[in-house]
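As a plain string of letters, each chain reads:
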Amino acid sequence: MDDEIFYEDKSSQYGDGVLLDEYRNEFSLVAAKRKDGKVYMEWVFPQKRDGSKGPIDKSLPWKIKLGPKAEAIKVLKFFIEQLEGGITPVGDTPDDSWGKDAPSDDLWGKDGPSDDDIPF
């Protein structure tokens, strides 16, 4: 994204907030901090997938992937409705396929998964 969209938690003395990030036409909400007028993403070392519970060797942004712009809007509207007290029938998620396992070509691309594409 050309412009950073950052929401700062006014109750935080440390500049904590949430950054709306766009990477490869996919939108995410990322834990971030503002310090000296600049916004910094928070990074984590997720667990390995081998069951060892040890961290992987590479750090990744601490984010929640929302999908392409149209899907991200649907996801955020869904959660806004929930926060406002709206009742959504079971199975009526933003997209019937949202949250379900997608074929590997759709989820990872033709090169297979990488540490940058861990689906959190």
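Residues numbered from 1 in each chain as written. Predicted model: local features only at pLDDT ≥ 70, side-chain atom pairs only at ≥ 80, totals over all residues. Heavy atoms only, no water.

**As for the confidence of the model for the chain**
Argument step 1. Chain-level statistics for the chain give a pLDDT mean of 80 and a share of 69% at 70 or above.
Argument step 2. Looking over the chain, one finds the lowest element-wise mean pLDDT in helix α2 (residues 104–108), namely 41, and the highest in strand β3 (residues 26–35), namely 96.
Argument step 3. Taken as a whole, residues 99–113 scores under 50 in pLDDT and shows eight contacts with residues more than four places along the chain or in a different chain. (pLDDT = per-residue confidence, 0-100. Helix = DSSP H or I, 4+ residues; strand = E, 2+ residues; numbered from the N terminus. Contact = heavy atoms within 4.5 Å.)

**Quick look at the environment of Val-44**
Argument step 1. In this fold, Val-44 is placed in strand β5 (residues 43–44).
Argument step 2. Note: C-alpha distance between Val-44 and Pro-61 (17 residues apart in sequence) is 6.2 Å.
Argument step 3. Discounting chain neighbours no more than four positions away, the residues touching Val-44 are Lys-58, Ser-59, Leu-60 and Trp-62.

**Regarding helix α1 (residues 69–83)**
In an α-helix there are 3.6 residues to a turn, and that puts residues three or four apart on one side.
Argument step 1. Counted at 1.5 Å a residue, the expected span for α1 with its 15 residues is 21 Å, and the 21 Å between its end C-alpha atoms agrees.
Argument step 2. Of the residues making up α1, those classed as buried are Glu-71, Ala-72, Val-75 and Phe-78. The buried residues of α1 occupy an angular sector of 125° when the element is viewed end-on, so they sit on one face. Residues Lys-69, Ala-70, Lys-77 and Leu-83 are exposed on α1 and point more than 90 degrees away from its buried face.
Argument step 3. For α1, the elements touching its buried residues are β3 and β7 (63–67).
Argument step 4. Positive backbone phi, approximately 95°, marks Gly-85, located one or two places after α1. (Expected span 1.5 Å × (residues − 1). Buried < 20%, exposed > 50% of the residue type's maximum accessible area, 1.4 Å probe, protein only. Arc of directions from axis to C-beta.)

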